[in-house]
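# Structure at a glance
Residue strings, one per chain:
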Amino acid sequence: MQTNNTLLSMDEVWDVLNNFATEIPAELYKGLNGGIILLQDTLPSPYSQNNDLYIMGTYHYEPTGLGRYISIYYGSFAKICAGTSVQHQKQALRKVLRHELTHHIESLAGVRDLEVKDEKDIAQYKQGKPIK
């Protein structure tokens with residue numbers, strides 16, 4: 001049983017992600033042939049200025065390789081969410097899963113709106129402003 005500020009284990013994160021994945025209509029997973037992968041990696045953002053920015057998830061599209069899939073990085077999650085409540089950790093996981101799934105849906109539609117928003121967020125971060 002988790003105490004309020006204990007970091008979720010990798011197995012617990014996988015269970016949380018699976019539960020959140022079932023909340024999303026199956027049609028939105030169309031074409032996501034590689035599914036959702038949970039990796040142990042810690043992925044610092046190349047834009048990090050103070051070792052304070054990590055990539056929690058990535059949407060991949062490799063037309064000649066593995067196809068379309070989402071990677072979630074447990075190590076990055078642990079860096080970002082250490083010391084936070086279990087509720088906050090779950091909210092962060094829900095947000096990253098939905099964010100990466102939005103990249104997938106936009107990729108299928110040939111739209112880049114979320115990529116443009118991500119670029120604006122990085123520009124804000126570089127100016128010392130918090131990312132929303």
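Computed from a predicted structure; not experimentally measured.

Helices and strands together make up the secondary structure of the protein chain, namely four helices and three strands. Along the chain direction, N to C, the helices and strands of the protein chain fall in the order α-β-β-β-α-α-α. A compact globule built from 132 residues should have a C-alpha radius of gyration of about 14 Å, and the protein chain, at 15 Å, falls within 12% of that. Counting only C-alpha atoms and orienting by the principal axes, one finds that the protein chain spans roughly 40 × 40 × 25 Å. Among the 132 residues that make up the protein chain, the fraction classed as buried is 34%. Of the contacts made within the protein chain by residues no fewer than 6 positions apart, 64% connect residues no fewer than 24 positions apart. Only carbon and sulfur atoms are counted for the fraction: they give 53% of the accessible area of the protein chain, which is about 8000 Å². Taken as two groups, the 13 positive and 15 negative side-chain charges of the protein chain have centres that lie 7 Å from each other.

This part is about the environment of R98. Along the chain, the position of R98 falls in helix α3 (residues 86–109). Measuring from C-alpha to C-alpha, the distance between R98 and F20 comes to 9.0 Å, with 78 residues separating the pair along the chain. Those residues in contact with R98 that lie beyond four places of it in its chain are E23 and I24.

Read from one edge of the open sheet, three strands run β1-β3-β2, paired in mixed fashion. The outermost strands of the open sheet, each flanked by one partner alone, are β1 (35–39) and β2 (57–62). In this sheet, adjacent strand axes meet at a mean angle of 25° when their direction is disregarded. By the bridge criterion, five bridges tie β1 to strand β3 (residues 67–73) in an arrangement that is parallel. Paired with G35 across the bridge in β3 is Y69. Packing against the sheet, α3 makes contact with β1, β2 and β3, and its axis sits at approximately 25° to β2.

So, about the nonpolar core. By size, the foremost hydrophobic cluster in this structure holds 23 residues, and its most contacted members are L8, V13, L17, F77 and L93. If you list the elements that add at least two residues to this core, you get α1 (10–23), β3, α2 (74–81) and α3. With six residues, the single largest contributor to this core is α3.

Moving on: the layout of surface pockets. Considered as a void within the structure, the largest pocket measures approximately 1200 Å³ in volume. Lining the largest pocket are 32 residues, and of these L53, Y54, H99, D118 and I131 lie nearest its centre. Listing elements by their share of the lining of the largest pocket, those giving two or more residues are β2, α2, α3 and α4 (113–126). The residue makeup of the lining of the largest pocket, split by class, is 15 nonpolar, seven polar and ten charged.

Definitions and cut-offs
Residues numbered from 1 in each chain as written. Predicted model: local features only at pLDDT ≥ 70, side-chain atom pairs only at ≥ 80, totals over all residues. Heavy atoms only, no water. Helix = DSSP H or I, 4+ residues; strand = E, 2+ residues; numbered from the N terminus. Rg over C-alpha atoms; globule rule 2.2 N^0.38 Å. Buried < 20%, exposed > 50% of the residue type's maximum accessible area, 1.4 Å probe, protein only. Contact = heavy atoms within 4.5 Å. Areas by Shrake-Rupley, 256 points an atom, 1.4 Å probe, with all protein chains shown as cover. Lys, Arg positive; Asp, Glu negative; His and termini not counted. Charge placed at Lys NZ, Arg CZ, Asp CG, Glu CD. Pairing = 2+ DSSP bridges. Axes fitted to C-alpha atoms, helices over the stretch in contact; angles between N-to-C directions. Core = buried A, V, L, I, M, F, W, Y, C linked by side-chain atoms within 4.5 Å. 1 Å grid on protein atoms, 1.4 Å probe; cavity = no way out; pocket = protein on both sides within 12 Å on 5 of 7 lines; lining within 4 Å. Points joined across faces, edges and corners; volume = space filled by probe spheres on them. Nonpolar A, V, L, I, M, F, W, Y, C, P; charged D, E, K, R; others polar.

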